[in-house]
Amino acid sequence: MTGRRGGRPLVPAYLSTGGVARPSRAHLERLSVLTGSGEPAPAELPAAQAALLEELEYGSLTVLEAAALLRLPVSAVLVLAAGLLDRGLVLARAPIPPARRFDPDLLKRVADGLRDLKHR
């Protein structure tokens, strides 16, 4: 096995999840927002889950952000987060839905109204 930059050993993602391949929570997505629940972490918590909880001490993160910080694949972080959700150590919120497109007619009327105000 080759090492990573910084001298850290390369660890396969399946080892960080304890061999679990799929998250127990199907509703988790890449943009789900994770927040620590404030419950104390048990001593027997696997290292990767403990690292995720530690990152959440500084505030909420999306699954993607957590994956980048932990340098793990998103699929592995989904499994880790689901395990923490199952234990009540993490709260998850659905991603914020994309904004609806503005009505072009409304935008035109607003622009026309602003022009009228400017010329008064």
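Source: prediction; values computed, not measured.

Participant: Talk me through the sheet that holds strand β1 (residues 33–36); I want residue IDs and the actual numbers.
Facilitator: Neighbouring strands of a sheet are bound in pairs by backbone hydrogen bonds; such pairs are parallel or else antiparallel. Spatial ordering of the open sheet is given by β2-β1-β3, a layout of 3 strands whose pairing is antiparallel. Each having just a single partner strand, β2 (61–62) and β3 (90–93) make up the two edges of the open sheet. Relative to β3, β1 is paired through 4 bridges, and the arrangement is antiparallel. Along β3, the bridge assignment pairs Leu 34 with Ala 92. Its contacts with the sheet place helix α2 (residues 47–56) against β1, β2 and β3, and it is angled at close to 90° to β1.

Participant: Help me get a handle on unusual backbone geometry, residues and values and all.
Facilitator: Positive phi values are uncommon outside glycine, yet Arg 71 reaches one of about 55°. Of note, Arg 71 is situated in the loop between α3 (63–70) and α4 (74–86).

Participant: Residue-level account of the nonpolar core, with values.
Facilitator: Core analysis: the largest hydrophobic core is formed by 24 residues, its most contacted members being Leu 28, Leu 34, Leu 52, Val 77, Leu 84 and Val 90. Elements represented by at least two residues in this core include exactly α2, α3 and α4. A total of 9 residues in this core trace back to one element, the largest contributor, which is α4. For Leu 52, the contacting residues outside a window of four places in its chain are Ala 66, Leu 70, Leu 80, Ala 81 and Leu 84.

Participant: Describe α4, with residues and values.
Facilitator: In a regular helix each residue adds 1.5 Å, so 13 residues correspond to 18 Å; α4 covers 18 Å between its end C-alpha atoms and thus fits that length. The buried count for α4 comes to 11 of 13 residues, which makes it a mostly enclosed element. Of the positions making up α4, those classed as buried are Val 74, Ala 76, Val 77, Leu 78, Val 79, Leu 80, Ala 81, Ala 82, Gly 83, Leu 84 and Leu 85. Trailing α4 by a residue or two, Gly 88 shows a phi angle of about 75°, which is positive.

Participant: Describe the pattern of salt bridges, listing the residues and the values that go with them.
Facilitator: Under the criterion given, the structure shown has 4 salt bridges. Asp 105 is paired through a salt bridge with Arg 109; the nearest N and O atoms lie 3.7 Å apart. Here Asp 105 and its partner Arg 109 are both found in helix α5 (residues 104–118), 4 residues apart, which amounts to about one turn of the helix. Here Asp 112 and Lys 108 are joined by a salt bridge, their closest N and O atoms 3.0 Å apart. Pair noted here: Asp 112 and Lys 108 are both in helix α5, with a separation of 4 residues, about one helical turn. For Lys 108, a relative accessible area of 51% translates into the label exposed. The structure contains a network of salt bridges with shared partners spanning Lys 108, Asp 112 and Arg 115.

Thresholds applied
Residues numbered from 1 in each chain as written. Predicted model: local features only at pLDDT ≥ 70, side-chain atom pairs only at ≥ 80, totals over all residues. Heavy atoms only, no water. Pairing = 2+ DSSP bridges. Helix = DSSP H or I, 4+ residues; strand = E, 2+ residues; numbered from the N terminus. Contact = heavy atoms within 4.5 Å. Axes fitted to C-alpha atoms, helices over the stretch in contact; angles between N-to-C directions. Core = buried A, V, L, I, M, F, W, Y, C linked by side-chain atoms within 4.5 Å. Buried < 20%, exposed > 50% of the residue type's maximum accessible area, 1.4 Å probe, protein only. Expected span 1.5 Å × (residues − 1). Salt bridge = Lys/Arg side-chain N within 4 Å of Asp/Glu carboxyl O.

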